[in-house]
Amino acid sequence: EMLQRAVNRAESVVRDIQDGIITLSRSGRVTSVNPGAEKLFGYGGDDLLGKPVSMLFALPGGPPVDLPVLVKASATPRGAYLRGLRRDGAPFAAEI
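Okay, so let's go over this structure. Everything numeric in this text was worked out from a predicted model, so none of it was measured.

1. A few points about the sheet that holds strand S5 (residues 91-95)
Now for step 1: Pairing is antiparallel across the open sheet formed by three strands, whose spatial order is S3-S4-S5. Where the open sheet ends on each side, the last strands, each with one partner, are strand S3 (57-58) and S5.

Right, here's the structure in full:
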């Protein structure tokens, strides 16, 4: 019962937080998105499931980002900024 309450609490935090949260498979494909990510990128969650992360992020002024680049950037102590790509093609600064 305590475990289920902890799981429910974690799920509600991920669901209700305004920040975008995206989870990826080891191959760099989207496995889940929260409502914040849906709003930020302009996609419905089902539209992103199974899609490559490279359709959502690029290096500033550069090419799309694949999973190894994203992992390396996210491992920096101060975080990193990438160029997020909205559904309509509009870029935005994305902190990871």
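2. A short note on the packing of aromatic side chains
Now for step 1: This structure, assessed with the given rule, holds two aromatic pairs.
Now for step 2: When the ring of Phe41 is compared with that of Phe57, the centres are 5.5 Å apart and the planes differ by 80°; the resulting orientation is edge-to-face. Placement of the pair is Phe41 in helix H2 (residues 35-41) and Phe57 in strand S3, with a sequence separation of 16 residues. Grouping residues by exposure puts Phe41 and Phe57 together as buried.
Now for step 3: Considering the side-chain rings of Phe41 and Phe92, the 5.3 Å spacing of their centres and the 65° angle between planes classify their relative orientation as edge-to-face. Residue Phe41 is located in helix H2, and its partner Phe92 is located in strand S5; the two are separated by 51 residues in the primary sequence.
Now for step 4: Of the residues examined, Phe92 reaches a relative accessible area of 12% and is grouped as buried.
Now for step 5: By the ring-pair criterion, three or more aromatic residues cluster together here, those being Phe41, Phe57 and Phe92.

3. Details of the side chain of Asn34
Now for step 1: Mapped onto the secondary structure, Asn34 falls in the loop between strand S2 (30-33) and H2.
Now for step 2: The buried category is assigned to Asn34, whose relative accessible area is 3%.

4. Here's the deal with the pattern of salt bridges
Note on pairing: side chains with opposite charge can pair once their charged atoms come close.
Now for step 1: Scanning the model with the defined rule gives one salt bridge in all.
Now for step 2: Between Arg87 and Asp47 there is a salt bridge, with the nearest N and O atoms lying 2.9 Å from each other. Here Arg87, found in the loop between strand S4 (81-85) and S5, pairs with Asp47, found in helix H3 (residues 45-48); they are 40 residues apart in sequence, far enough to count as distant.
Now for step 3: Among the residues examined, Asp47 registers a relative accessible area of 35% and is labelled partly exposed.

5. Let's talk about the nonpolar core
Now for step 1: Of all hydrophobic cores here, the largest spans 14 residues; its most connected members are Phe41, Leu48, Leu56 and Phe57.
Now for step 2: Secondary structure elements with two or more residues in this core: S2, H2 and S5.
Now for step 3: Look past the residues within four positions of Phe41 in its chain and what remains in contact with it is Ile22, Leu56, Phe57, Gly84, Leu85, Arg86, Arg87 and Phe92.

6. Some words on the pairing of S2
Now for step 1: Pairing of strand S1 (residues 22-24) with S2 involves three bridges; the strand directions are antiparallel. Bridge pairing links Thr23 to Ser32 in S2.
Now for step 2: Where S1 folds back onto S2 in an antiparallel hairpin, the turn is made up of five residues, including Gly28, whose phi is positive at roughly 85°.

Rules behind the numbers
- Residues numbered from 1 in each chain as written.
- Predicted model: local features only at pLDDT ≥ 70, side-chain atom pairs only at ≥ 80, totals over all residues.
- Heavy atoms only, no water.
- Pairing = 2+ DSSP bridges.
- Helix = DSSP H or I, 4+ residues; strand = E, 2+ residues; numbered from the N terminus.
- Phe/Tyr/Trp six-rings, centres within 6.5 Å; stacked < 30°, edge-to-face > 60°.
- Buried < 20%, exposed > 50% of the residue type's maximum accessible area, 1.4 Å probe, protein only.
- Salt bridge = Lys/Arg side-chain N within 4 Å of Asp/Glu carboxyl O.
- Core = buried A, V, L, I, M, F, W, Y, C linked by side-chain atoms within 4.5 Å.
- Contact = heavy atoms within 4.5 Å.

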